[in-house]
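The residues making up each chain are set out below.
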Amino acid sequence: MNIRQAVVEDYPALAAVHVESWKTTYRGLIADSYLDQLTVESRLERWKQLLSREDVGFWTFVSEDEDGRVCGFIQGGACREEEAGYDAEIYALYLLQEHQGRGLGRRLVDTLTAAFRETGFASMYVWVLKDNPARQFYIKMGGRPVFDKSLSIGGQPVQETGLGWETI
């Protein structure tokens, strides 16, 4: 398994991983009708734009399987919510279901955290759906619950927890 910084040409693979991961990870947490309408095509342009950004302090790293196919990604950068009091934020971390539980998530977080430290970020946080089993992954990695908020996804109310690391 290889981890590398994403390039613009990765946008179709990232859109596919994003959609497929949502459909498997959030089934039972978010309405099926919302998940069933998600398409790779609807995410292509957004991923192309994201990967074209040249912001300092914004990263996307991908994991590739043994055949060189993108099977996961992590994205993060400067904290988007100043009032949170953290320097950096993990914006997204998704792995295809068949690649979960192999240590790739940890390797992706470690890679992004190293980029954060190199930039001078000293703390970070991540938002995760409260009922998402991946919440335990972040807690095992040292994140502690510091915020809660409600939001709506597909017209359905859901709860999120912000997990923070005071030092990274």
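Residues numbered from 1 in each chain as written. Predicted model: local features only at pLDDT ≥ 70, side-chain atom pairs only at ≥ 80, totals over all residues. Heavy atoms only, no water.

(A) Examining the packing of aromatic side chains more closely. According to the stated counting rule, one finds 16 aromatic pairs in the structure shown. Pairing Tyr26 with Tyr94 gives two aromatic rings, centres 6.3 Å apart and planes at 85 degrees, and the pair type is edge-to-face. Of this pair, Tyr26 sits in the loop between helix H1 (11-25) and helix H2 (32-36) while Tyr94 is found in strand E4 (residues 88-95), placing the two residues 68 residues apart along the sequence. Across the pair, Tyr94 and Tyr26 agree in class, each one buried. On the numbers, 5.1 Å between centres and 70 degrees between planes, the contact of Phe137 with Tyr138 is edge-to-face. The exposure class assigned to Phe137 is partly exposed, which follows from its relative accessible area of 25%. Overall, the relative accessible area of 5% leaves Tyr138 in the buried class. Here the aromatic cluster, defined as three or more aromatic residues joined through ring pairs, consists of Trp22, Tyr26, Tyr34, Trp47, Phe73 and Tyr94. The positively charged end of Arg43 is found above the aromatic ring belonging to Trp22, 5.9 Å away from the centroid. Directly above the ring of Trp127 sits Lys149, whose terminal nitrogen or CZ lies 4.2 Å from the centroid. (Phe/Tyr/Trp six-rings, centres within 6.5 Å; stacked < 30°, edge-to-face > 60°. Helix = DSSP H or I, 4+ residues; strand = E, 2+ residues; numbered from the N terminus. Buried < 20%, exposed > 50% of the residue type's maximum accessible area, 1.4 Å probe, protein only. Lys NZ or Arg CZ within 6 Å of the ring centre and 35° of its normal.)

(B) Geometry of the sheet that holds strand E3 (residues 70-78). Read from one edge of the open sheet, seven strands run E1-E2-E3-E4-E5-E7-E6, paired in mixed fashion. If you trace the sheet from one side to the other, it starts and ends with strand E1 (2-5) and strand E6 (144-153), each paired once. Strand-to-strand twist across the sheet, computed as the mean angle between neighbouring axes with direction ignored, equals 25 degrees. Taken together, the nine bridges between E6 and strand E7 (residues 156-165) define a ladder with antiparallel strand orientation. Among the inter-strand pairings, Ser150 is bridged to a residue of E7, identified as Gln159. Running over the sheet, H1 touches strand E2 (58-64), E3, E4 and E6 and is turned about 95 degrees from E3. (Pairing = 2+ DSSP bridges. Axes fitted to C-alpha atoms, helices over the stretch in contact; angles between N-to-C directions. Contact = heavy atoms within 4.5 Å.)

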